[in-house]
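Reading the structure
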Amino acid sequence: EVVGREMMIHFINMLTCGYGKDLAITTLVNNTDIHIVPTLNPDGYEVAKRDQGDCSNPGNGRNNGRDVDLNRNFPDQFGGSVGAIQPETQAMMDWINSNPFVLSANIHGGSVVASYPYDNTADGRSVYSATPDDDVFVYLATTYANAHANMAKQSQDNPPCPAALEFFPNGVTNGAKWSAVGGSLQDYNYMKSSCFEITLELSCCKFPAASALKGLWEDNKQALLGYARLANTGVWGVVYDAKGFPVPGASVNIVGRTHSVTTTSKGEYWYILVPGKSYDMVVNKAGFLPTSFTVDENRPYRLRMDVKLAASSRVNAGMIAVIIVLVLVAVPVAVVLGVKWYRQRQAKAVLYRVLDDKDFEQMSFSQLSKREQEMFMGDSEEDPI
C-alpha cells in the first residue's frame, strides 16, 4: 500500500518548500508539532515493490517479515488483535503513549474513502460501530473527503474503484460497517490516547505504477493540508489547581460521553469539536471538585479555555475505610480496659471494707492473702461486689 508512503514524502516536501512562502503552510508549521511516519511496514514494501504496477495481487506485501498484518496487531477493546505484538507495533504504541498527539491519520490503499472508528464490534459483525465522539469523526472524515479531488463525488453509478463494485456515500464510512476488523491502529489510538485518528484509503491499486503518483498527489495535497489544520480547531487550554500549578492526568470530556482526553504533564488538553455546535464540557480529577464549562463552537478558530480546579473537602473513600477500621479496633480495646479499671476500682473498695480491722495503710502487698491480691489487681474471676 505504497501510495501513503509516497504521499507523506510529497507532503514533507510541500511543508518545507512552502514555509515562509505560503501563508497557510507557514501558519500551520508555526502553530503545530507535525510528526510524519512515511512507512510502518518496510518489510512489506520490499516484497510489494517487486510487482510495481501489478494490481492483481492486492495482498502482496501486506504482512511484515514475520507474516503478521500490523493493522490487525494492536490491542483491541474487544480482544480482536491477532498474534503476538510485533516490534513495529510496539514501537508505534510507545511513540503514541509518549506524545500528546491530537489528530492523526493512517494511510492505506485498495479503495478511495475516509474511514473512521470504530473498526470493530463486540461480536465481529460488520455493522455501524459508533464511538462516543461519532459526530467529531464524521466531521473529520467528511472534511478530508470534501477537500479531495473526487473522493466525495462517488455514487452507485460512479464508484471509486469499478472493479470492487462498491461506493461510499459522501466518500466516508464507519470502519466496522464497511468491514469489521480487530486490532486496528485507529481504534487503538482513540481508545488508549487522547488522539483522534481516521484511516485514509487513497488508491484502488495498492502499488500503482510510478506514473500514477503525480495525479494521486494532486488529488490529495489540499485534503492533507486541510486535515492537518484541523488539529488547531476545537477547544484547548490548561487545567490549574487553586495555587496556579498545572494539574496533570485530569480527564476532560463532553458531558454525557464516556470518552475523555487527558491533560499532559503541563496540564494541557486539546479537544477537536464540530463547528456550529455547543458542547458542555467537564473536567475531573481525584481530589478536586468536577468543574464544568460550555464551548460554543460557532467559530473558525480554536478557543482557549483554561480551567481552575478547587480541591475537594470531602474525605475520600480510603480515609473513611481507615477511620472505620481504627474505630472498630479502638472501641473493643477501650471497653476491655475500662472494664478492667472498673473491676480494680471496685475490688479496692471491697478490700477497704473487709479489711477495716487491719491497719491497711501500714500493710505491704505481700501480707495480703492470694485472693486479696487478685482482687486488688483485678485478676480475680469473682465479682468483687
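What comes next concerns the included structure. (Residues numbered from 1 in each chain as written. Predicted model: local features only at pLDDT ≥ 70, side-chain atom pairs only at ≥ 80, totals over all residues. Heavy atoms only, no water.)

1. Remarks on the state of the cysteines
A complete count under the given rule lists two disulfides for this structure. Disulfide pairing is shown between C55 and C205; the S-S distance is 1.8 Å. Taking the torsion about the sulfur-sulfur bond, which here is approximately -100 degrees, the covalent link between C55 and C205 counts as left-handed. Taken together, the positions of C55 in the loop between α3 (42-48) and α4 (87-97) and C205 in the loop between β4 (196-203) and α8 (213-229) put the pair 150 residues apart, joining distant regions of the chain. Judged by relative accessible area, C55 falls into the partly exposed class, the value being 46%. Here C161 engages in a disulfide with C204; their sulfurs sit 1.9 Å apart. (Disulfide = S-S within 2.5 Å. Helix = DSSP H or I, 4+ residues; strand = E, 2+ residues; numbered from the N terminus. Buried < 20%, exposed > 50% of the residue type's maximum accessible area, 1.4 Å probe, protein only.)

2. Section: the pairing of strand β10 (residues 291-296)
Only one face of β10 is buried, namely the one carrying T291, F293 and V295, since none of S292, T294 and D296 on the opposite face is buried. Adjacent in sequence and paired antiparallel, strand β9 (residues 278-284) and β10 are bridged by six residues, among which G287 carries a positive phi angle near 95 degrees. (Pairing = 2+ DSSP bridges.)

3. Observations concerning the nonpolar core
Within the largest apolar cluster, 60 residues are counted, with the highest numbers of intra-cluster contacts made by L140, F196 and M281. Apart from the residues within four sequence positions on either side, M281 is in contact with V235, V252, N253, I254, V255, Y271, T291, S292, F293 and V295. In terms of nonpolar packing, the next biggest core, distinct from the first, is built from six residues, F74, M92, M93 and L185 among them. (Core = buried A, V, L, I, M, F, W, Y, C linked by side-chain atoms within 4.5 Å. Contact = heavy atoms within 4.5 Å.)

Distances and angles like these do not, on their own, reveal function.
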